[in-house]
Amino acid sequence: MAMKPPHKIDANLYGSRCQLEEIADLFKAPKSTSMEGILRGALAVVGGVNGVDVKTWSDDISSLIAACGAACTMIEQYQKDCVGEVETLLKTFLPQGFRASVVTYFRERSEQRYAAEQAQLLSSGGTIQAKFDLLWKQQLERRQSLVNIGNVTGTHKAFIKYIGGVPQCLLDFIKTVNDENGPMEEMRATYGPYQYELTTLINRTRQLCALLYGTVTIINKAKSLPKQTVTSLLTLVATKTPVALRTLQQVQQSLSNFYKLLVEILRHSPFFLTKADIDALTAKKGAPITVVVSTNQSVRVPVKTGDSVSWEFTTDKDIKFRVSTETTNGETVVVPLALVNSHEAPVKGSHDAAEDGSVHLFWDNSYSWFSSKNLTYRVSHTEKDKPAEGTPAEAQPTAEEAAAAASVVGEGGEISQEKMKEFADMIDAAPAPAPK
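On a predicted model such as this, the values are computed, not experimentally measured, just so you know.

Turning next to the overall build of the protein. In terms of regular secondary structure, the protein is built from 13 helices and eight strands. Sequence separation of at least 24 residues holds for 80% of the intrachain contacts in the protein that already meet a minimum separation of 6. Working note: accessible area of the protein is about 22,000 Å², and carbon and sulfur atoms make up 55% of it.

Bringing the side chain of Thr 241 into the picture now. Residue position: Thr 241 is located in helix H9 (residues 227-268). A polar atom in the side chain of Thr 241 sits 2.7 Å from the backbone oxygen of Val 237. Apart from residues lying up to four places away in sequence, Thr 241 is in contact with Trp 57, Asp 60, Ile 61 and Leu 212.

Quick look at the environment of Val 243 now. You can see Val 243 is positioned in helix H9. As for Val 243 and Thr 205, which are separated by 38 residues in sequence, their C-alpha atoms are 8.9 Å apart.

Let's shift gears to the pairing of strand S7 (residues 357-364). When you tally the buried positions in S7, you get seven out of eight residues, the bulk of the element. As judged from the eight bridges shared by strand S2 (residues 296-303) and S7, these two strands associate in the antiparallel manner. Residue Asn 296 lies in a different strand from S7, and its bridge partner there is Asp 364.

Geometrically, the link from Ala 29 to Pro 30 is a cis peptide bond, its omega value of 5 degrees lying close to zero. Of note, Pro 30 is situated in the loop between helix H1 (9-27) and helix H2 (31-46).

Turning our eyes to something else, we now look at the state of the cysteines. Under the criterion given, the structure shown has zero disulfides. Between Cys 72, a cysteine without a disulfide, and Cys 68, which holds the nearest cysteine sulfur, the sulfur-to-sulfur distance is 7.0 Å.

With that settled, the discussion passes to H1. When the terminal C-alpha atoms of H1 are compared, their 28 Å separation across 19 residues agrees well with the 27 Å that a helix rising 1.5 Å per residue should span. Summarising burial for H1: 16 of the 19 residues are buried, a large majority.

Parameters and conventions
Per-chain numbering applies: the sequence of each chain, read as written, is numbered from 1 onward. Reporting of local features is limited, given that this is a predicted model, to residues whose pLDDT is at least 70; pairs of side-chain atoms are given and counted only at 80 or more, and all residues count toward the totals for whole chains, interfaces and linings. Where side-chain values are given, they derive from all heavy atoms of the structure, hydrogens and water being excluded. Helix and strand assignments follow DSSP, with helices taken as H or I runs no shorter than four residues and strands as E runs no shorter than two, numbered in order from the N terminus. Note on contacts: a residue pair is in contact if any heavy atoms of the two residues lie within 4.5 Å. Only the protein chains shown count as covering a residue, and every accessible area follows the Shrake-Rupley method with a 1.4 Å probe. N or O atoms closer than or at 3.5 Å make up a polar contact, with two conditions inside protein: a donor-capable atom paired with an acceptor-capable one, and, for residues adjacent in sequence, both atoms drawn from side chains. Burial status follows relative accessibility: with a 1.4 Å probe on protein chains alone, a residue under 20% of its type maximum counts as buried, one over 50% as exposed, and anything between as partly exposed. One bridge is not enough; two strands pair if DSSP finds at least two bridges between them. Only a pair of cysteine sulfur atoms within 2.5 Å counts as a disulfide in this structure description. Under the convention used throughout, the expected extent of a helix is 1.5 Å for every residue step, that is, one less than its residue count.

These figures come from the coordinates and say nothing about function on their own.
Right, here's the structure in full:
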């Protein structure tokens, strides 16, 4: 049965891995050995069929299983690379002691529990589909933990922000990471369609392989079938197995190129802010960013109704600039794309959000084939009835928050294991989202 690709990219990744493992499972030994015997017996019944060779079919099946395994490994490695990029980003904000204790504590605690759940499923004879249903459930729990961290309050917020050193803008990022119009939506909208094509191709190959498996099962009754029917079925298996193999080899190559691209995009995407980016945004004068020839630079700021976003930037040469808002109602242009002389005087502006969504600032240097531009910008996000990020009021904890943060560490500056466990229990206790 045809499967419609899921909306979220990572759901496609788990779904594709599941389909590939199911394809390989159809033909793994001892099934393949039994199928070879069935084909040889059928050929003997009909006296041979031109172009049908069991040895060639067996070699194709071995290559098909190998292609499934390689494609699965590529998808899994891409998922690990994405996790690595996020962990590397988070660690840039954290002091070494915090990094060595809290991050490790959280990861080991959750991953040990997940590994135990997976082992229990496998030992009970769970299906491949059940395995990936569990993996997807665990992935949603990981993402929900990020949301929970972004939403922490009181002592735990002080723990994260002032001892951990994690800025509010990063907390805003992780607490909206699951939203339909969250910070990952731009990447999904741009690169999701190609992933959907790959998911669909894998699904259709899974259907073809199921058809081949079923055909061999029918051939097993060769002695009770007309010889012409058996000949047609043998020809179908011999001609369509290479089609499935070539398709999977094509998928394997496409996955390799596509995921290398996605990791680079994730690493350099404007919504994937590093500590240097944050420092540039919150400093009085941002650190220069080079917008190379024929490329662009953008910043997307999630906002709620009543929030205000202001910007100021300079360049060493002219550049095109545009501001728009994105909401559930679509995109609205605030500042049309136009060439600005930001090398002569700073360009300033602001926008008050009329509804929930995001403000997208876009610097375009695609028209220039020879000149890179040095861009220095500051973007401030003022929540309704709150001071702007980067101001002294936001940068410093209140007396209560400072006291709460201090209670988490011991006299020697080490992090209290009791508090760490308390915080982890609070994060784990939040309800996980239902699979979508």
